[in-house]
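Each chain is listed here by its residues.
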Amino acid sequence: MARPAGTVQGTVPQLTYWSRPRTWPRLVRASWRSSLQFRTITVSVALSGLAILVVGVYMSVSIGNDLFQSRLSQVLFESDRATSAAQSLLDSSDATDRVQVQNLLSSARTSISATSSSRLVAVLRVPGQDPSTVAPLDSSTFGQSTGVIGADLRTEVQANDGDQFWQSVTLTGNEAESMPGIVVGSQIAVPVAGRYELYIAYSLQDAEATLLFVQQTLGVAGVTLVLLIGVVSWIVVRFVVTPLRVAAETSQKLASGDLAVRIPEKGEDVIATLARSFNGMADSLQSQIRELADLSEVQQRFVSDVSHELRTPLTTIRLAGDVLYDQRASFPPATGRTAELLHTQVERFELLLSDLLEISRYDAGSVELESEPTNLVHLAEDAIDSLRSLAESKGSDLRLVAPGGYLNADVDPRRIRRVLHNLIGNAIEHGEGKPVVVSVDSDASAVALAVRDYGLGMSQGEVAHVFDRFWRADPSRQRTIGGTGLGLAIAREDASAHNGWLQVWSSPGAGSCFRLTLPRTTRGRLESSPIPLPPDDAAAIGEAGHVPGMSGGPHD
Ligand code: ADP
């Protein structure tokens, strides 16, 4: 039985599963398969997370580019201004000796630092000029400047007088930390000393810090947004899933036979429409089932009443018939035969009535078993004894094989005797004078009884109907006993009332085997039978080209 979700028993194993990380993938897979809520939330969170990630990366890249571009423009402007200011200072000088030129260049550098807001300045003499005794030496304030300034940049600056060139570089800060930067290079002319390359380096640390801050903000906002989307979709999905779950549980209860359950109808939305149509369907189903149940009850009562009512007149007819039958010798031959015919038909009629009453009792569910410890081998012996004269008249040899079954089983002996009588009687009737073997065997939980004949047998199609009411393979076949067509139907009801099985194997021309398996105790459940079916001698028959049929699997 399905346990309602959320009970204490349902939650505890879940918790122990979650506390074992190795079982997580299995749990996630199981939740994915079983929970609509989990699937919806996972998909919404994953898709919105992906969308936020794409937007976040795009924003971060474009803000980074923008920051760089604006800093670059600013740097180029500042360095241009600083270079022009330094060049004006140099041009207006009349320095001639080395010390003066050196001082002049120092002043120019100070002016550059002041104008460009960068203290990272390198002044390198353009190579390839005539050696000069007054030319000041190269100087740089950003460490390994020649290593920082790329050869490409230098070549371009050396080749193009008057133009500005720039390059992205990695600068080393005061505490030896790396930071991004830009170096802008151009040429300046120093009086007397010749042309110099001027490089001004600018740090991008501020821009980088701004970018980092923007990225962090975007990250935090993105994660918060994804969490929010998860919570929102959980709430929304709950709105939809809860009524669906109620509908699923209700339909499950309805399917298991509780016809009175209904889904609460609230509001006017699609869920309410679903609930209304479901309830309408359940109403009509309930009324139809009630109608059918009433009808079947009426039918059952009719059969039972008619059978009862017929009993009294039939007893009178029987008494009168018996009188005529006893005196048949004194009647003319034709009247004597009529008296005999009347006698047999009245007997059949009585049998039919008692069978009908029995089956109507099963239909009405009013059958009470009177179980008592019973020895099945003894029951089989009794049944064989009572049918021996019939078997002899048909030329059949009745044999009992009982390797087990001597220990008592809790069964209703009257009903089991009736089943045995029917099975053995049928085997004799359809056994064509060949032997009939009754086997009894048992195991720890079950006791079984099989009746095997080697007579006409039945085709697969016939076997499928053998337990149907009023069904007979060949109604015109001469019968000595029974013949109502209800015998096996009642036998099967008797087996079911004991929680047992009545099964058949049969093959045309090779005979039949009916097997009755009963649990040893009234509350026992059957798992298997101690006697095999098809019977052991059936394998050779199957190979010989017959079409065996099986019917009557475990039934309740
Ligand atoms: P009845 O024997 O009163 O006709 P049953 O319900 O006992 O009714 O059997 C139904 C039919 O099943 C029989 O008429 C017969 O055709 C077929 N049948 C039953 N037992 C055998 C058997 N051992 N061999 C062949 N046919 C059988």
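Residues numbered from 1 in each chain as written. Predicted model: local features only at pLDDT ≥ 70, side-chain atom pairs only at ≥ 80, totals over all residues. Heavy atoms only, no water.

Enquirer: An account of the packing of aromatic side chains is requested, with residue identities and associated values reported.
Expert: Between two aromatic rings, the relevant description is the distance of the centres plus the angle of the planes. Evaluated as defined, the whole model comprises two aromatic pairs. Relative to Phe514, the ring of Phe467 has its centre 6.4 Å away and its plane inclined at 90 degrees; by these criteria the two rings are edge-to-face. Taken together, the residues Phe467 in the loop between helix H12 (460–465) and helix H13 (487–497) and Phe514 in strand S12 (residues 511–519) connect sequence positions 47 residues apart. Take Phe514: its relative accessible area is 7%, and that puts it in the buried class. Stacked on the ring of Tyr325, the Lys or Arg Arg328 has its end atom at 4.0 Å from the ring centre. A cation sits over an aromatic face here: Arg492 above Phe467, 4.8 Å from the ring centre. (Phe/Tyr/Trp six-rings, centres within 6.5 Å; stacked < 30°, edge-to-face > 60°. Helix = DSSP H or I, 4+ residues; strand = E, 2+ residues; numbered from the N terminus. Buried < 20%, exposed > 50% of the residue type's maximum accessible area, 1.4 Å probe, protein only. Lys NZ or Arg CZ within 6 Å of the ring centre and 35° of its normal.)

Enquirer: Break down the pattern of salt bridges for me, citing the residues and quoting the values.
Expert: Evaluated as defined, the whole model comprises 18 salt bridges. The shortest N-O distance in the salt bridge between Glu197 and Arg154 comes to 2.8 Å. With a gap of 43 residues between them, Glu197 in strand S5 (residues 194–203) and Arg154 in helix H6 (residues 151–159) connect regions that are remote in the sequence. Neither residue differs from the other here; Glu197 and Arg154 are each classed as buried. Asp537 is the salt-bridge partner of Arg452, the closest N and O atoms lying 3.2 Å from each other. Taken together, the residues span a long stretch of sequence, with Arg452 in strand S10 (residues 446–453) and Asp537 in the loop between S12 and helix H14 (538–543) at a distance of 85 residues. With a relative accessible area of 33%, Asp537 lands in the partly exposed category. (Salt bridge = Lys/Arg side-chain N within 4 Å of Asp/Glu carboxyl O.)

Enquirer: Can you explain the UniProt feature "domain: HAMP" (unreviewed entry) in the chain? Please cite residues and give values.
Expert: Under the feature "domain: HAMP" (unreviewed entry), the UniProt entry names residues 238–290. Helix makes up 74% of residues 238–290 and strand 0%, with an end-to-end C-alpha separation of 36 Å. (UniProt positions renumbered as here; feature names shortened; annotations may be inferred.)

Enquirer: Let's hear about the nonpolar core: which residues, and what values?
Expert: If you look at the biggest cluster of nonpolar residues, it comprises 38 residues, and the most contacted ones within it are Ile424, Ile428, Leu449 and Phe514. Counting only elements with at least two residues in this core, the list comes to helix H10 (376–394), strand S8 (409–411), helix H11 (413–429), strand S9 (436–442), S10, H13, strand S11 (501–507) and S12. Grouped together as the second largest cluster of nonpolar side chains are 24 residues, Ala95, Ala135, Ile182 and Val184 included. (Core = buried A, V, L, I, M, F, W, Y, C linked by side-chain atoms within 4.5 Å.)

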